[in-house]
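# Observations on the model geometry
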Amino acid sequence: MKDDFEPTIIGFLCRWCSYAGADLAGTSRLQYPPSMLPIRVMCSSRVDPVFIITAFLRGADAVLVAGCHPGDCHYIEGNYYTRRRFACLRKIFETLGMESDRIRLSWISASEGPRFAQVVTDYTDKIKKLGPNPAKKEIFL
Amino acid sequence: MSKVLRISKGAEQGVQELLKFLLESGKVKGVLTLTKINNNGAVDYSLITNSEMLKDALPLFPLMPANAGKLLSRFTLKSALAEPIAVVVKPCELRAFIELVKREQGSLENFLFISSTCDGVYPLEISSNGEVAKKLSKYWDAVKKGDIAPDIRPTCSCCKYFLPYNADITIALIGENIDKECKIFLTTEKGKKSVEGMKGQLVEGELKTQEVKNLLNKREENKKKLFDNPALMQDGLSGLIETFGRCIGCHGCSRVCPICYCTLCTFDSKDYENEPSTYETELKKRGGMRVPPNTILYHIGRLTHIGISCVGCGMCTDVCPVDIPLSTIFLKVGGEVQQTFNYIPGKSVEEKVPLTIFEKEELTEVED
Ligand code: SF4
Ligand code: SF4
Ligand code: SF4
Ligand code: FES
């Protein structure tokens, strides 16, 4: 059963770095699993933690937030705020006993096509092992 | 050690006299204090300018009809106070106000903050049925002994910050002989100036007495018990559904929360109504869904918004019509978030809210 499970990962990708990195992975014809549904955002700091919770509760098996490496944000410091908010959300997940592995923050630059493919591959494997998000079947959310 | 004005009268009467002195000497133009509504134990905050009316003031009464932090923010949202006002508030109310000021929701100018070492407040449901009046003598006994007062709000019984931050004047209550004397600690210059000319004995004193330290330990222990309760949110999603399943979505908890200052909460806005297409896709996935939707989203969302600043005042639990232990959950989860950033909400007005600042080198453990 578990082997048939193809996770759905929602990816909030910063337009300047990680989204371009995804593009590069594509144009370089790198192989990676088709599990990620990319959503382009202007900066990783545009991602309100409530977006992540929404995606999670709607049944995404995992949510990836990806942006420029620290120091490289197009808006100078957006990703530093992203990191604080993400740490806050992670702590909330952990304290509530929710699977914090289902949310992830990664820095992927525009030139890191291979890193993008690697992140998606690794994360997909990890989520496959974890199984489907239980929120998928819940009615009383 | 700090300066103390000692008055040989019971604490309650001493504070009443202090307020009277402040008003009549013109040191302040008004006083905000809890005031008696009837003889059943119901009180509310009032702003008083006529010292005659102070006869109904109950500044130290163990109830919190509203978190005063929220009220002070409303006074000063449009502009700072033009004239000085003295306010008598609980430590967590003062902390909440500081959090709001940091969020530009009020101004500290012209306030004279009077607080006390605090043994907690009773749940509001017993405030108007005469129950509080019956409990008072036990309450003051616990205060004198430095015990946790029985039947107070759950988060009061484990609150560590009952020694006020940022008060100009602190009334010592815990472990004190409050029937016979009132110890008025003058913790700031402003506090000292404000009592110049008032009758009493000026002495030196220590606020952090052995009794205060003991109470701190008792509350720490109590906190462990309260937080380790297995019914309290440790089983992830199913635990959340169990706990919040009975939420009726009134959003009273955010309405009374001092930190939730938004006049239109994002979770009440149109943005959080589902599109018909969302219902469709959700139903395709699940074959059924709770209506109205987004209950769990609201609660986790609120945690992300205000968990960092929750002062554990207990207002939210108090107003919840279906008895969800909100403040315990918010204090527990919020406390973990606060610890991540080494932050004590309301401790200092200069220290920025952690989500509004950053360090370049930090938190690499949350990156993958
Ligand atoms: S006060 Fe209680 S019922 Fe109302 S929204 Fe909050 S948790 Fe739900
Ligand atoms: S969440 Fe509850 S306990 Fe925390 S500050 Fe708001 S009302 Fe008080
Ligand atoms: S839950 Fe968030 S949006 Fe709603 S009132 Fe509180 S802080 Fe504002
Ligand atoms: S622009 Fe890429 S993270 Fe800010």
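Throughout what follows, the structure given in this document is the object of discussion. (Residues numbered from 1 in each chain as written. Chains lettered and ligands numbered in written order. Predicted model: local features only at pLDDT ≥ 70, side-chain atom pairs only at ≥ 80, totals over all residues. Heavy atoms only, no water.)

## Structural notes on the overall build of chain B
Operational definition: Secondary structure follows DSSP: runs of H or I at least 4 residues long count as helices, runs of E at least 2 residues long count as strands, and numbering of each begins at the N terminus. The buried label applies to any residue whose accessible area, calculated with a 1.4 Å probe on protein chains only, is under 20% of its type's maximum; exposed applies above 50%, and partly exposed to all values in between. Positive charges come from Lys and Arg, negative ones from Asp and Glu, while His and the chain ends are left out of the count. For the purpose of locating charges, the reference atoms are NZ of Lys, CZ of Arg, CG of Asp and CD of Glu.
Within chain B, the secondary structure is distributed over 12 helices and eight strands. With the principal axes as the frame, chain B shows a C-alpha extent of 75 × 45 × 40 Å. Buried positions account for 57% of the 368 residues belonging to chain B. Each charge class in chain B can be summarised by its mean position, and for the 47 positive and 48 negative side chains these summaries are 4 Å apart.

## Considerations on the site of ligand 1
What counts, and what does not: Here a residue is considered near a molecule or strand provided that any single heavy atom belonging to it is located within 4 Å of it. Following the grouping adopted for this structure description, the nonpolar residues are Ala, Val, Leu, Ile, Met, Phe, Trp, Tyr, Cys and Pro, the charged ones are Asp, Glu, Lys and Arg, and the polar ones are all others, Gly among them.
In the neighbourhood of ligand 1, the contacting residues comprise C247, I248, G249, C250, H251, C253, H299, C320, P321, V322, I324 and L326 of chain B. Here the residues of the shell around ligand 1 are counted per class, giving nine nonpolar, three polar and no charged.

## Brief notes about the state of the cysteines
For clarity, the cut-off: Cysteine sulfur atoms are paired as a disulfide whenever they come within 2.5 Å of each other.
What the rule picks out here adds up to one disulfide over all chains. No disulfide involves C88 of chain A; its nearest neighbouring cysteine sulfur is the one of C310 of chain B, lying 12 Å away.

## Looking at the pairing of strand 5 (residues 111-116) of chain B
All names here are of chain B. The criterion, for reference: When the strands point away from the viewer and the connection leading from the first strand across the helix to the second strand turns clockwise, the crossover is called right-handed. A pair of strands is treated as paired once DSSP finds two or more bridges between them.
Of all six residues in strand 5, six are buried; the element is thus mostly enclosed. Both faces of strand 5 are covered, namely the face carrying F111, F113 and S115 and the face carrying L112, I114 and S116. Between the parallel pair strand 4 (residues 85-88) and strand 5, the chain is carried across by helix 3 (residues 91-102), and the sense of this crossover is right-handed. Direction of pairing for strand 5 relative to strand 6 (residues 169-172): parallel, over a ladder of three bridges. Across the sheet, the residue bridging to I114 is I169, located in strand 6.

## Section: the sheet that holds strand 4 (residues 103-107) of chain A
Residue and element names in this part refer to chain A. Put simply, the rule is: All axes are obtained by fitting lines to C-alpha atoms, using only the stretch in contact for helices, and the reported angles, taken between N-to-C directions, cover 0 to 180 degrees.
Ordered in space as 2-1-3-4, the four strands form an open sheet in which the pairing is parallel. A strand with exactly one partner marks an edge of an open sheet, and here the two such strands are strand 2 (36-41) and strand 4. Recorded for the sheet is a direction-independent mean angle of 20 degrees between the axes of neighbouring strands. The pairing of strand 3 (residues 62-67) with strand 4 spans five bridges and is classified as parallel. Note on strand 4: the bridge partner recorded for V63 is I103.

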